[in-house]
Amino acid sequence: MNSLSAARRKLSGSVRAAVVHNGNQGARAFSSSSMTVDNPFTGEVCAEIPLLSSEEVKGLSVKSKSVQKEWSKVPLEKRLEVCRSFMQYFLDNKETVATEISNQMGKPLSQAI
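Observations concerning the pattern of salt bridges
Then, number 1: On inspection of all chains with the given rule, the structure shows 3 salt bridges.
Then, number 2: Among the salt bridges present, the one from K73 reaches E70, with a minimum N-O distance of 3.6 Å. In this pair, K73 and E70 are both assigned in helix α2 (residues 54–73), 3 residues apart and thus about one turn of the helix distant.
Then, number 3: What makes K73 exposed here is its relative accessible area of 55%.
Then, number 4: The exposure class assigned to E70 is buried, which follows from its relative accessible area of 16%.

Overview of a nonpolar patch on the surface
Then, number 1: Taken together, the side chains of F86, M87, Y89 and F90 present a nonpolar region at the surface, about 450 Å² in accessible area.
Then, number 2: Looking at the element boundaries, F90 is found in helix α3 (residues 76–92).
Then, number 3: For F90, a relative accessible area of 35% translates into the label partly exposed.

Considering the pairing of strand β3 (residues 45–50)
Then, number 1: When strand β2 (residues 34–38) meets β3, the two strands line up antiparallel, connected through 5 bridges. Bridge pairing links T36 to E48 in β3.
Then, number 2: Counted between consecutive antiparallel strands, the loop separating β2 from β3 contains 6 residues, among which G43 sits at a positive phi close to 80°.

Here's the deal with helix α4 (residues 94–105)
Then, number 1: Helix length check: α4, at 12 residues, gives a terminal C-alpha distance of 16 Å against a target of 16 Å (1.5 Å per residue), a fit within 8%.
Then, number 2: Positive phi shows up at G106, right after α4, with a value of about 80°.

Criteria and thresholds
- Residues numbered from 1 in each chain as written.
- Predicted model: local features only at pLDDT ≥ 70, side-chain atom pairs only at ≥ 80, totals over all residues.
- Heavy atoms only, no water.
- Salt bridge = Lys/Arg side-chain N within 4 Å of Asp/Glu carboxyl O.
- Helix = DSSP H or I, 4+ residues; strand = E, 2+ residues; numbered from the N terminus.
- Buried < 20%, exposed > 50% of the residue type's maximum accessible area, 1.4 Å probe, protein only.
- Patch = residues over 30% accessible without salt bridge, like charges linked within 9 Å, V, L, I, M, F, W, Y side chains within 5 Å.
- Areas by Shrake-Rupley, 256 points an atom, 1.4 Å probe, with all protein chains shown as cover.
- Pairing = 2+ DSSP bridges.
- Expected span 1.5 Å × (residues − 1).

Read these as layout, nothing more, since geometry by itself doesn't imply function.
Structure follows, in structure tokens:
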């Protein structure tokens, strides 16, 4: 098993969105387990984001430190390959990503691309 596979396996199934409310007008409502994100122009709900407890955040912090140790063992060229594929995803899906940015942040679509 290579280091990259080991790092992925350690995080699989345990990552959910960790959200800290910063006063953004798009963040409308909180429950004990989630937050809704509104489109600032239409008021429609764009997303419901699961919130993590303090214990879950601390656990992910500890886990991320161990995964970083594994990631650092992955050869530079392999890490660059992962970063390039991540960038390529955004290029291949720029309209979808831009639409999400526009909906969640209220930016005109032309500024979100």
